[in-house]
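Tertiary structure, described
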Amino acid sequence: MIPWLRRLASTRLTLFGMVLLAIGAGLSYDNPADVSVWVLAGPLLLLALNLFAAILTQPGINRRPGLLMFHIGLLSICALAAIGRLTFFDARVEISQNSAFDVAAVDEIRQGVFHLGELQRVQFVQQAYTVEYRPGLVRGITRSHLQVGDGRGGWQTRVVGDDTPLIIDGYRFYTTFNKGFAAVLTWTPTQGEAITGTLHMPSYPLFDYKQANSWTPPGSEEEIKFWLRLETGLDREKDWLLDVNKSEAVLVVNDGEQRLELQPGQDINLPGGQLRYEALSSWMGYKIFYDPTLKWLFIAAMLTVLGLCLHYWDKFRHQSMASAVVTDKQNKMRK
Amino acid sequence: MNDAITELPWMWAGLFAYAVATLLAFRNVWQIGADDTVAALPSRRGEGKILLAIVIGVLLLTIALAVRWDRLGHGPFVNLYELLMSQLFSLGLIYSIVYWRVPSLRASAVVVLPLIWILGTWILFLEPVDSRFPPTYHNDWLWAHVGFGKIFLSFCLVATGLAGVILLRAIPRFGRCFAHMTDEALDQLAWRFMMLTLVFDSLMLIAGAVWAQDAWGRYWSWDALETSSFMTWLSIGAGIHVRLTYKIPIRLGALVILAIFFLAFTTYFGAPYYSEAAHKGVI
């Protein structure tokens, strides 16, 4: 056997790697931005090499099926965790009700250097949602309704939530606390085509006291300020269901010269065009997560534990725990 | 205190039963020490009484948990009060089973029961505040995570009890009380429980990671509890590695087990002090 491979398989090196990994884990607490990923990657790489060398060179490991499975499992977890960090994707997105997921709207992106970027293939349409609240505005279950392609050219409804993600092509979409109301507006310029879009208000009910936003029409320099005066039935002392279908809102428009309150369907003439408040709508903020190794990590981890169990079974099945200290003869002598 | 907190009398009664079991355990061991017979054995009747007291304590705590569960509509998973209450139940339950099935470790009761009573004393100083079930807790993996965690801590406690006996045997004043055992046998038994601890700690972390992926969209994020539990897992692995590889002295091995238990204990019950919730982002 190659001498350096034996040295690499050293049990002292294993212990050293474990100590380094413990230090790395301590430094990684709460994911501080100023700590390098190498405080964890370095010890893991060292332990992976040590494990690999031990599997090859140590008969005590490679001739015992359970122990071999355990060590291969550990090595696989190290490798898969590394692949996961190289290929992961993590981001946020806000999607308006009755709008399709738009990859251009994805924000706060963090991704591994080898992430293939197939998010543009994901297609679904956001519909309405409900969120349960208990007294004290404690958020309960979120039920967000989506239209998802059924693979045969049709659509099917899916209901997702905080812990029941929509999974398409490995991308997982989780609802978050970040969601709110939106106003559907149509802007008809004096000359040109009318455009319709949604104006998102701040997260609700987190910012229920400032449901305001502003917008500057195309070709104009005048900013228009909007305030949504909501009637949602919000009661901090009782159970409450946030449901856009049971909510109403008056849109207060202020362009600096005039202040007008619009009901859905009403419009207002402004310099440069006409603005119509079509309807009250909503938006949902999603966390997007992608890691192609998740399934394999789970399998590797379970096989690792299984290997450990097999090893213990093989090692201890002929040794009764009950006979470890007091012998049967002594038991008979008891008072 | 809220009059509606109907589980309290049951919990106090359960703690009283544990206190009786603790006193009986001390008496049983003390009687061996006082016996002039060389290598006197513990009284089987005395051990039966200890087991009975623990089982009664477990039953009373089961009622306390059931009453609270029924009142709040969810299990004891959320705040520190519930965490301590459910641990008092699960540690007592698993220890009573092990105590019954493995007679050779019964002397460990003089270490294990006082350790359980640390939790018992702690919970007496806590307000039994009601908790609200977070949306992320409606997940089947929570059950697996919590279940494996309870078995893990219980086995770690058993190993700690045996390690404690090894260390007590080294003190001449107490040596006679445990003269019917050998350090070698206690050491083997303690490390066998540490190996089981590693298995269930691993399963707890796996189930927790799957739950975290569903609940918060990530399987690991180095929050307070995750960092601490990884340190615990690593320390158990390192402890077993050292024990098997270097044949360390038995008493040093016992100290290593105590250190691992301390780490596991602070992971369970210390994290709430430096993290707002058991898991960051729980709400």
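Residues numbered from 1 in each chain as written. Chains lettered and ligands numbered in written order. Predicted model: local features only at pLDDT ≥ 70, side-chain atom pairs only at ≥ 80, totals over all residues. Heavy atoms only, no water.

**Some thoughts on the pairing of strand 10 (residues 224-231) of chain A**
Residues and elements named next belong to chain A. To be explicit about the condition: For every residue, the accessible area (1.4 Å probe, protein chains only) is compared with the maximum for its type, and the residue is labelled buried under 20%, exposed over 50%, or partly exposed between those bounds. Strands here are runs of E lasting at least two residues and helices are runs of H or I lasting at least four, both read from the DSSP assignment and numbered beginning at the N terminus. Pairing between strands is defined by DSSP: at least two bridges between them are needed.
Alternating positions in strand 10 separate cleanly, Ile224, Phe226, Leu228 and Leu230 being buried on one face and Lys225, Trp227, Arg229 and Glu231 remaining unburied on the opposite face. With 4 bridges connecting them, strand 9 (residues 212-215) and strand 10 associate as antiparallel partners. Counterpart to Ala212 in the pairing with strand 10 is Trp227. Sheet topology places strand 10 next to strand 12 (residues 248-254); 7 bridges connect them, and they run antiparallel. Bridge assignment links Leu230 to a residue of strand 12, and that residue is Ala249.

**Observations concerning the pattern of salt bridges**
The condition that has to hold: Salt bridges are counted wherever a side-chain nitrogen of Lys or Arg sits within 4 Å of a carboxyl oxygen of Asp or Glu.
Tallying each qualifying case throughout the model produces 22 salt bridges over all chains. Here A:Arg276 ties to A:Asp267 by a salt bridge, and the two come within 3.6 Å at their closest N and O atoms. Judged by its relative accessible area of 31%, A:Arg276 falls in the partly exposed class. Note that B:Arg169 and B:Asp183 form a salt bridge whose closest N and O atoms lie 2.7 Å from each other. Of this pair, B:Arg169 sits in helix 5 (residues 140-169) while B:Asp183 is found in helix 7 (residues 183-216), placing the two residues 14 residues apart along the sequence. Taken together, the salt bridges that share partners define one network made up of B:Glu7, B:Arg68, B:Arg71, B:Glu82 and B:Asp130.

**Some details on unusual backbone geometry**
Phi is mostly negative for residues that are not glycine, and the peptide bonds are mostly trans. All names here are of chain A. The omega torsion of the bond from Tyr204 to Pro205 falls at 5°, within 30 degrees of zero and hence cis. Relative to the helices and strands, Pro205 resides in the loop between strand 8 (195-203) and strand 9. One non-glycine residue, Asp169, adopts positive backbone phi at about 50°. With respect to the secondary-structure elements, Asp169 resides in the loop between strand 6 (166-168) and strand 7 (171-189). By relative accessible area, Asp169 is classed as partly exposed at 39%.

**Quick notes on the sheet that holds strand 5 (residues 155-160) of chain A**
All names here are of chain A. This is how the line gets drawn: Axes, fitted as lines to C-alpha atoms, cover a helix only where it is in contact. Angles between the N-to-C directions of the axes lie from 0 to 180 degrees.
Spatially, 5-4-3-11 is the arrangement adopted by the 4 strands of the open sheet, whose pairing is antiparallel. Edge strands, defined here as strands with exactly one partner in the open sheet, are strand 5 and strand 11 (240-243). Neighbour-to-neighbour, the strand axes of the sheet open up by a mean angle of 15°, direction not taken into account. Examined bridge by bridge, strand 4 (residues 138-149) and strand 5 share 6 bridges and lie antiparallel to one another. Across the sheet, residue Val148 finds its bridge partner in strand 5, namely Gln156.

**Brief notes about the interface of chain A and chain B**
Definition in use: Whether two residues are in contact is decided by their heavy atoms, any of which lying within 4.5 Å being enough. The buried area of a pairing is the accessible area, by a 1.4 Å probe, that goes missing from both parts when the two are put together, added over both. Side-chain atoms alone can form a polar contact between residues adjacent in sequence; in general such a contact is a pair of N or O atoms within 3.5 Å, and within protein one must be able to donate a hydrogen while the other accepts it. As a working rule, the residues Ala, Val, Leu, Ile, Met, Phe, Trp, Tyr, Cys and Pro are called nonpolar, Asp, Glu, Lys and Arg charged, and the rest polar, with Gly in that last group.
Tallying the contact residues gives 50 residues for chain A and 57 residues for chain B. Between chain A and chain B, a total of about 4,800 Å² is buried, with carbon and sulfur atoms accounting for 66% of that surface. Between the two partners, chain A and chain B, sit 0 salt bridges. The tally of links between chain A and chain B comes to 8 residue pairs in polar contact (both at pLDDT 80 or more). Elements with a minimum of two residues in the side of chain A that touches chain B: helix 2 (11-27), strand 4, strand 7, strand 15 (273-290), helix 6 (294-316) and helix 7 (328-332) of chain A. In the side of chain A that touches chain B, the residues fall into 29 nonpolar, 10 polar and 11 charged.

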